[in-house]
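The lines below spell out each chain.
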Amino acid sequence: MSSAVMNPGAGSHGIGMTSQRTRDRMIERLREQGVRDERVLAAMAQVPRHLFVEPALAQRAYDDTALPLGFAQTISQPYVVARMIELLIAGRELGKTLEIGAGCGYQAAVLGVLSKQVFAVERIAPLLARARENLKQIKLSHIRLKHADGNRGLPEAAPFDTIILAAAAPSVPPALLTQLAPGGRMVMPLGGAEQVLCLVEHKESGFVESRFDSVRFVPLLPGVA
Ligand code: SAH
């Protein structure tokens, strides 16, 4: 785990929901929903999710729901963040990690607590700027953000031990497979109107795919905006 120091109360938008207790309640709910990995739970207990949403939505930041980020995008629901990272980290460390679709930076922050090397790309420039501000607030400076089309991965920093997509595609983007290190894992929402979480493992025998929960994510779009 990285030794990032965070001060969850600092710069908060409101009152009660900024407390560790509110976050701990979210963690209890995640446990009830079946999340077991203590590292993931500890990381999510640490990251002040309310700092990543619009001030007007801060009261709802710890509800188990996706929330609007503007630009027709949403911050993923806590359970889905936990579930995806749990699939990636089971029985190993995350290692060098790439997130596609940084949005407001929340999931990047959780990844940043769990890994010393995190790269996150986002196609919408103003969202990326917001992610940058949010991550600065909580002093997770080792997360590198880039304005880019994640369909292409991030060739200059490849290969990655872990790749996580926060936007859905009808098939696995081929560039991402070529950037997944041997032994690496990638998780993504696969599909269009109907989506499932898909885990791809880069094994000696090749890429092995498994499917999990049905989910609903915004689409992975082409190009930058
Ligand atoms: N992980 C984010 C969730 C953001 S929603 C969070 O914690 O807030 C998904 C994000 O994927 C959106 O911000 C959207 O702009 C971005 N996205 C969609 N297609 C993309 C692409 N091709 N490259 C990079 N980002 C993309």
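For the structure, check the block above.
Residues numbered from 1 in each chain as written. Predicted model: local features only at pLDDT ≥ 70, side-chain atom pairs only at ≥ 80, totals over all residues. Heavy atoms only, no water.

Draft legend 1. The site of the ligand, seen in detail. Every one of the 25 residues lining the ligand counts as a neighbour, but Glu 99, Glu 122, Asp 149, Gly 150 and Leu 221 are closest to it. Contact distances for the ligand include 3.1 Å between a nitrogen atom and a backbone N or O atom of Gly 101. Interatomic distance of 3.3 Å between a backbone N/O atom of Cys 104 and an oxygen atom of the ligand. Summarising the interface, the protein chains cover 99% of the accessible area of the ligand, which totals 580 Å² for the free molecule. Counting only elements with at least two residues in the shell around the ligand, the list comes to β2 (73-75) and α4 (106-114). A breakdown of the residues in the shell around the ligand according to their chemical character gives 14 nonpolar, 7 polar and 4 charged. (Near = heavy atom within 4 Å. Polar contact = N/O pair within 3.5 Å; in protein donor to acceptor, adjacent residues only side chain to side chain. Areas by Shrake-Rupley, 256 points an atom, 1.4 Å probe, with all protein chains shown as cover. Helix = DSSP H or I, 4+ residues; strand = E, 2+ residues; numbered from the N terminus. Nonpolar A, V, L, I, M, F, W, Y, C, P; charged D, E, K, R; others polar.)

Draft legend 2. Local environment of the pairing of strand β5 (residues 143-147). As paired strands, strand β4 (residues 118-122) and β5 are joined by 5 bridges and run parallel to one another. Residue pairing across strands places Phe 119 opposite Arg 144, the latter belonging to β5. Read from β4 through helix α5 (residues 125-137) to β5, the crossover connection turns out right-handed. (Pairing = 2+ DSSP bridges. Right-handed = clockwise from strand over helix to strand, strands pointing away.)

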